[in-house]
Amino acid sequence: MSAEAVVEVRGLVKRFGDLEVLKGIDLKVREGETVVLLGVSGSGKSTLLRCINFMETPTEGRVFESGKLVGTEKNGRMVYRERELCALRTRIGMVFQHFNLFPHMTALQNVMEGQTTVLRESREAAEKNAIEQLRRVGLEDKAFEYPARLSGGQKQRVAIARALSMNPRVMLFDEVTSALDPELVGEVLKAIRQLADEGMTMIIVTHELGFAYHVADRVLFLDGGEIIEQGPPAEILVKPETRRAKEFLEGHSLFKLPD
């Protein structure tokens, strides 16, 4: 891993009306690092991801990408231009719980779409890259299939290929296996683990603790909009220090550590 912080947030606060979902988050993610966010529903994990790539606008705090402040500070407040944020989202890709594929497009066309409309790539270049990204997630043979003919796991892998086709520096994964049948989870996690092996910088929200143990460089446990514990998975998942983290892990009775 590089010492360079590809993503950094300082004092990140997010409020929805009177509800404060994030309460001053500080986080640095280094190039090549895989960070897993754990916590109960409502702890702020997904909101943190959405603030990092500005699907949600932070209420307070600062976000830096590769050392550069996102937005412009005016009179003590941050101002963001949509053009800047659109460009940022090509460099910080995000994959959601639900696949959001275009049903009238083949897998290949879905992966090509962002390249031609956002990056303004030629169709020839976009198609070549799309085939490569589908190969990367093990779906080159499904390039001309429509989403209706794909399994949930295959759809999610197409969504990953679509995000990868934009050549991001960072990938965000928000509970990407939670909507899948159990037998399909493994194929998606295998694709993500391959990205980790390739050195992709990733921030992952998941409840797959075995996956987190084997793949994460660092695990963060969130509770009530704050990071209350963080460290290597062998520490956080085996010897958590806080009561809330212990309760969370005890609730995952199927989680078995390797010998």
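Higher on the page you've got the structure.
A quick note: this is a predicted structure, and the numbers were derived from the prediction, not measured. (Residues numbered from 1 in each chain as written. Predicted model: local features only at pLDDT ≥ 70, side-chain atom pairs only at ≥ 80, totals over all residues. Heavy atoms only, no water.)

### Let's talk about the layout of surface pockets
Put simply, the largest pocket is a space of about 570 Å³. Surrounding the largest pocket, 25 residues form its lining, Arg89, Met94, Phe96, Arg162 and Met166 being those nearest its centre. Of all the secondary structure elements, the ones that give two or more residues to the lining of the largest pocket are α2 (82-91), β8 (92-95), α3 (107-117) and α5 (152-164). Ranked by the residues each element gives to the lining of the largest pocket, the list is headed by α3, at 5 residues. A per-class count over the lining of the largest pocket returns 13 nonpolar, 9 polar and 3 charged. Considered as a void within the structure, the second largest pocket measures approximately 170 Å³ in volume. For the second largest pocket, the full set of lining residues is Thr57, Pro58, Thr59, Glu60, Gly61, Arg62, Gly76, Arg77, Met78 and Tyr80. Sorting the residues of the lining of the second largest pocket by element identifies β4 (60-65) and β7 (77-79) as the ones contributing at least two each. Of all the elements, β4 adds the most residues to the lining of the second largest pocket, at 3 residues. Counted by class, the lining of the second largest pocket contains 3 nonpolar, 4 polar and 3 charged residues. (1 Å grid on protein atoms, 1.4 Å probe; cavity = no way out; pocket = protein on both sides within 12 Å on 5 of 7 lines; lining within 4 Å. Points joined across faces, edges and corners; volume = space filled by probe spheres on them. Helix = DSSP H or I, 4+ residues; strand = E, 2+ residues; numbered from the N terminus. Nonpolar A, V, L, I, M, F, W, Y, C, P; charged D, E, K, R; others polar.)

### What to know about the sheet that holds strand β5 (residues 68-69)
Read across the sheet, 4 strands follow the order β2-β1-β4-β5 without closing on themselves; strand pairing throughout is antiparallel. Of all the strands in the sheet, just β2 (19-30) and β5 have a single pairing partner and so form its edges. Where strand β1 (residues 5-16) and β2 come together, 9 bridges link them in antiparallel fashion. Note that in β2 the partner of Phe16 across the bridge is Leu19. (Pairing = 2+ DSSP bridges.)

### Quick look at the packing of aromatic side chains
Taken as a whole and assessed by the stated rule, the structure comprises 2 aromatic pairs. Measuring from ring centre to ring centre gives 4.8 Å for Phe54 and Tyr80, while their planes differ by 55 degrees; the resulting arrangement is tilted. Remark: Tyr80 occurs in the loop between β7 and α2 and Phe54 occurs in the loop between α1 (45-52) and β4; sequence separation between them is 26 residues. Relative to Phe248, the ring of Phe221 has its centre 5.3 Å away and its plane inclined at 65 degrees; by these criteria the two rings are edge-to-face. Of the two residues, Phe221 sits in strand β11 (residues 218-223) while Phe248 sits in helix α9 (residues 243-250), which places them 27 residues apart along the sequence. Over the ring of Phe64 we find Arg10, and its NZ or CZ is 4.1 Å from the ring centre. The ring of Phe16 carries the charged tip of Lys14 above its face, separated from the ring centre by 5.0 Å. (Phe/Tyr/Trp six-rings, centres within 6.5 Å; stacked < 30°, edge-to-face > 60°. Lys NZ or Arg CZ within 6 Å of the ring centre and 35° of its normal.)

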